[in-house]
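Below, each chain spelled out in residue letters.
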Amino acid sequence: MANGQPPTSRAPAQSSGSIGLSLRAVALGLVLVPLNAWWLTQIEYVRYSDNATTSAIFFNALAILLILAGLNAVVRQVAPRWAWGRSELLTVYVILVVGSCVGGHDQLQILFTTISYVFRGATPANAWADDIHSLLPAHLVVSDPGVIESLYLGSADFYTRPRVLAWLPVLGWWTGFFMLVAWVMLCLSAVVRRQWDEERLNYPIAAVPLLITSPTAQLFRQPQLWVAAVLAALLQFLNLIHTLYPAVPGAPIGVRSFRATARPWRAAGNIPISSFPFAYGLAYLLPLHLAFSVWFFFWLIRAEMVLADVMGRYEWRGFPYVQQQGFGAYLAFCAFMFWVARGRIARMLRGGASAAEDAGEPLPMRVALLGALLGLVALVAFAMYAGMGLVAAVCFFVLVFAVVLVTARMRAELGLPTIELYQVGAEDVMQRVAGTAAWTGKDLTVMSLFFFLTRTHRQFPMQNYVDALRIGKSSDMKLRPIAALLLVATVVAVVAAFWSYLHVMYQVGYESAHFTGPATWAFGRAPWAKLESWLAQPRAPELGSSMAYCFGFVMMFVLTALRVRFLGWPLHPVGYLVSGSFGLFRLWLPIFLTWLVKMLLLRYGGLKAYRKGLPFFIGLIVGEFLAGFLRTVIDLALDLRLPPRAGIGGL
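Residues numbered from 1 in each chain as written. Predicted model: local features only at pLDDT ≥ 70, side-chain atom pairs only at ≥ 80, totals over all residues. Heavy atoms only, no water.

K.L.:
For this particular structure, what's the right way to read the overall build of the protein chain?
P.N.:
A tally of regular secondary structure across the protein chain gives 26 helices and two strands. What you see for the protein chain is a C-alpha radius of gyration of 24 Å, in line with the 26 Å of a compact globule of 651 residues. Projected onto the principal axes, the alpha-carbon positions of the protein chain cover approximately 65 × 65 × 60 Å. Each of the 651 residues in the protein chain was classed as buried or not, and the buried ones make up 60%. Only carbon and sulfur atoms are counted for the fraction: they give 67% of the accessible area of the protein chain, which is about 25200 Å². Taking the average place of the 49 positive charges on the side chains of the protein chain and the average place of its 31 negative ones, the gap between the two points comes to 10 Å. (Helix = DSSP H or I, 4+ residues; strand = E, 2+ residues; numbered from the N terminus. Rg over C-alpha atoms; globule rule 2.2 N^0.38 Å. Buried < 20%, exposed > 50% of the residue type's maximum accessible area, 1.4 Å probe, protein only. Areas by Shrake-Rupley, 256 points an atom, 1.4 Å probe, with all protein chains shown as cover. Lys, Arg positive; Asp, Glu negative; His and termini not counted. Charge placed at Lys NZ, Arg CZ, Asp CG, Glu CD.)

Spelled out as structure tokens, the structure:
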């Protein structure tokens, strides 16, 4: 509590839940999933006017929760019998979060573009047709030129027999693959949930919808919440007016980048400045020492890059290997998690949990452990059937799920506003350590098909699954129905996402003027251009990168030991771990300023002052997210095609 964590985020440790799922809430949530998928396709993918799914809390899901809560308050006054309970509102929220994650910027939007671009992007200037197409597994891509050409030119109807028959089996395979990924993540969520409860993790991100719907917190009776919400909303609407009428001054809250031009200072790269109100709200939920560490390591890493340039050693994506140090720290964090949980893991392996303990869990412990193991085996088999070798497949998925576990743990414990490990995941590690010659062409090709798992590591279903389980536990809901709901919602979300991409993109077309998003080069060209370079110019093992992984691994343990040994040690190890997170560092200024305010509040006013300030910072989130969502509705209704600089995403 010394760091001022949200006081209502803790759940009763032993409560098994007594509230079942409401059918009307489940029905509404599932009906909203396809509409939400279409909205995400339009806003994030086609127009790129905002990114709802790049921050830890999805503004569309929270805005709909707020709208439903407002309508419910009116219904409660007019017809109390028809009013919804807190668990029903949270059920709809959880479904929307799962749907947004699956169909959002960092998951299936990437996959769909990757598998559709590999044939369209082949030109006489590159060697894709000769070097790549023969390596592609036919059951995972659509190669019919006419089907692909219509997708890129637009003004076409997807609902024709040739197009449906071309896409249906391919997307069926990918649906099965994604559901295996989701199943393993759900099983892992069930395995770690009780351990994390016993460690008394705070789940700051889950605390936001819990606080908003809490009947005892009475947030909306606090005047400071309304002041902050109105202020944040006005800033968003002011920028909307500025976009439509440039003569009206706007509010400089979006991301702006500054960069020195002279050596050695230019080696520091872009220095982003932003002042999103919601970022201040989320930063207020961060533990104090973590907030300090985030902005401290932001500047320390830049000093390291400048020093490397002074020494004549700096190179982009090379020395001082900032991102590689970060990945090594991820692996250390994962090892530390297993070490802390070694006792519980041993008990699970010996005999699982008692019947009484299992009754209150999302899945029986034996089912969760065996399900995760069998799911991983099935994923390896899927990759091998696509052409990847056994060793490559095992290495790839072990590294992927190590990162998944760490990102889920950081979300549950710390609640970072966003995170990003950009293109330095499993396949990058495997090639830097062993060299590309150690892997076959088909190994590298299948890794490229799995690009959506390793591009940013920002959004995985598991982060949202662990939050959903905490939300259910804190609102006294039964966890086993929630686990079933998460699987059902994921299936519906996958189908809805693929449908929305096909439905919209055959109308719009990637190569038309109406498509303004970066997907074709960021999600489509990027993995295949990398594969082309790997095949044409094999990469030798990189000693520098391998040493950086080891350095990051050791450094993480050193920082952890210092934090444990010395009371008041100011540096949180996770600050070092996220030192290469581009998305997070776009928020360094709000994190710094909020850290300063929170530190002063706790020092001179204690927990009472912190809690008094909490409604104001929650209000910043509420106001900006509601205004941001309404901005997208206005954009779609009036076909304004607003530029992304007027939005609140793009982290």
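Read on for the rest.
K.L.:
Hey, could you run me through the packing of helix α4 (residues 108-120) against helix α6 (residues 145-153) in this one?
P.N.:
Geometrically, a packed helix pair is captured by the angle between its two axes and the distance between the axes. Interhelical geometry of α4 versus α6 gives an angle of 110 degrees and a closest axis separation of 10 Å. Considering their axes alone, α4 and α6 lie roughly perpendicular with respect to each other. In the crossing of α4 with α6, the sense of the turn from one axis to the other is left-handed. For the pair α4 and α6, the contacting residues are F112, T113, S116, Y117 and R120 in the first and I148, E149, L151, Y152 and L153 in the second. (Axes fitted to C-alpha atoms, helices over the stretch in contact; angles between N-to-C directions. Parallel < 35°, antiparallel > 145°, perpendicular 65-115°, else oblique. Left-handed = near helix turned anticlockwise from the far one by under 90°. Contact = heavy atoms within 4.5 Å.)

K.L.:
Which parts of the structure should I look at to understand a nonpolar patch on the surface?
P.N.:
The grouping of F336, W339, V340, F553, V554, F557 and V558 at the surface amounts to a nonpolar patch, some 600 Å² of accessible area in total. Of all elements in the fold, only α12 (322-340) and α23 (543-565) reach the threshold of two or more residues within the nonpolar patch. Ranked by the residues each element gives to the nonpolar patch, the list is headed by α23, at four residues. Tracing the sequence through the fold places F336 in helix α12. The exposure class of F336 is partly exposed, given its relative accessible area of 32%. (Patch = residues over 30% accessible without salt bridge, like charges linked within 9 Å, V, L, I, M, F, W, Y side chains within 5 Å. Salt bridge = Lys/Arg side-chain N within 4 Å of Asp/Glu carboxyl O.)

K.L.:
Would you take a moment to explain the environment of I482 for this structure?
P.N.:
By the secondary structure assignment, I482 is in helix α21 (residues 479-508). As a C-alpha pair, I482 and T91 span 391 residues in sequence and 8.5 Å in three-dimensional space. Setting aside residues no more than four positions away along its own chain, I482 makes contact with L21, A468, L469, G472 and M477.

K.L.:
Where do I start with the nonpolar core in this structure?
P.N.:
The tendency in soluble globular proteins is for nonpolar side chains to be buried as a group. Within the largest apolar cluster, 215 residues are counted, with the highest numbers of intra-cluster contacts made by W167 and W174. A total of 19 residues in this core trace back to one element, the largest contributor, which is helix α7 (residues 161-198). The residues touching W167, leaving out its near neighbours within four places in the chain, are F112, I115, S116, V142, V147, I148, L151, F158, L502 and Y506. (Core = buried A, V, L, I, M, F, W, Y, C linked by side-chain atoms within 4.5 Å.)

K.L.:
Would you mind showing me how to read the packing of aromatic side chains here?
P.N.:
Between two aromatic rings, the relevant description is the distance of the centres plus the angle of the planes. Inspection of the entire model under this criterion finds 51 aromatic pairs. Through a chain of ring-to-ring contacts, three or more aromatic side chains come together here, namely Y45, F112, Y117, W128, Y152, W167, F498, Y501, Y510 and F515. In this arrangement the basic side chain of K598 is found over the ring face of Y284, its NZ or CZ atom lying 5.8 Å from the centre. (Phe/Tyr/Trp six-rings, centres within 6.5 Å; stacked < 30°, edge-to-face > 60°. Lys NZ or Arg CZ within 6 Å of the ring centre and 35° of its normal.)

K.L.:
How should the environment of R194 be read in this particular structure?
P.N.:
By the secondary structure assignment, R194 is in helix α7. R194 gets classed as buried once you look at its relative accessible area, which sits at 11%. Residues R194 and E361, spaced 167 residues apart in sequence, show a C-alpha to C-alpha distance of 8.2 Å.

K.L.:
Just checking my understanding: could you explain the pattern of salt bridges for this structure?
P.N.:
For the coordinates displayed, the defined rule picks out 22 salt bridges. A salt bridge links D635 to R47; its shortest N-O distance comes to 3.4 Å. With D635 in helix α26 (residues 588-638) and R47 in the loop between α1 (23-46) and α2 (59-78), this residue pair connects regions lying 588 residues apart in the sequence. Assessed through its relative accessible area of 8%, R47 is described here as buried. The partner of D106 in a salt bridge is R458, and the shortest N-O contact between them spans 2.8 Å. Residue D106 is located in the loop between α3 (86-103) and α4, and its partner R458 is located in the loop between α19 (451-454) and α20 (461-474); the two are separated by 352 residues in the primary sequence. For D106, a relative accessible area of 2% gives the class buried.

K.L.:
I keep staring at α7 and nothing clicks. Help me out?
P.N.:
Each turn of an α-helix holds 3.6 residues, which means side chains three or four residues apart point in the same direction. An ideal rise of 1.5 Å per residue puts 56 Å on 38 residues; α7 measures up with 55 Å between its terminal C-alpha atoms. Where α7 terminates, the next one or two residues include R200, which has phi positive at roughly 60 degrees. (Expected span 1.5 Å × (residues − 1).)

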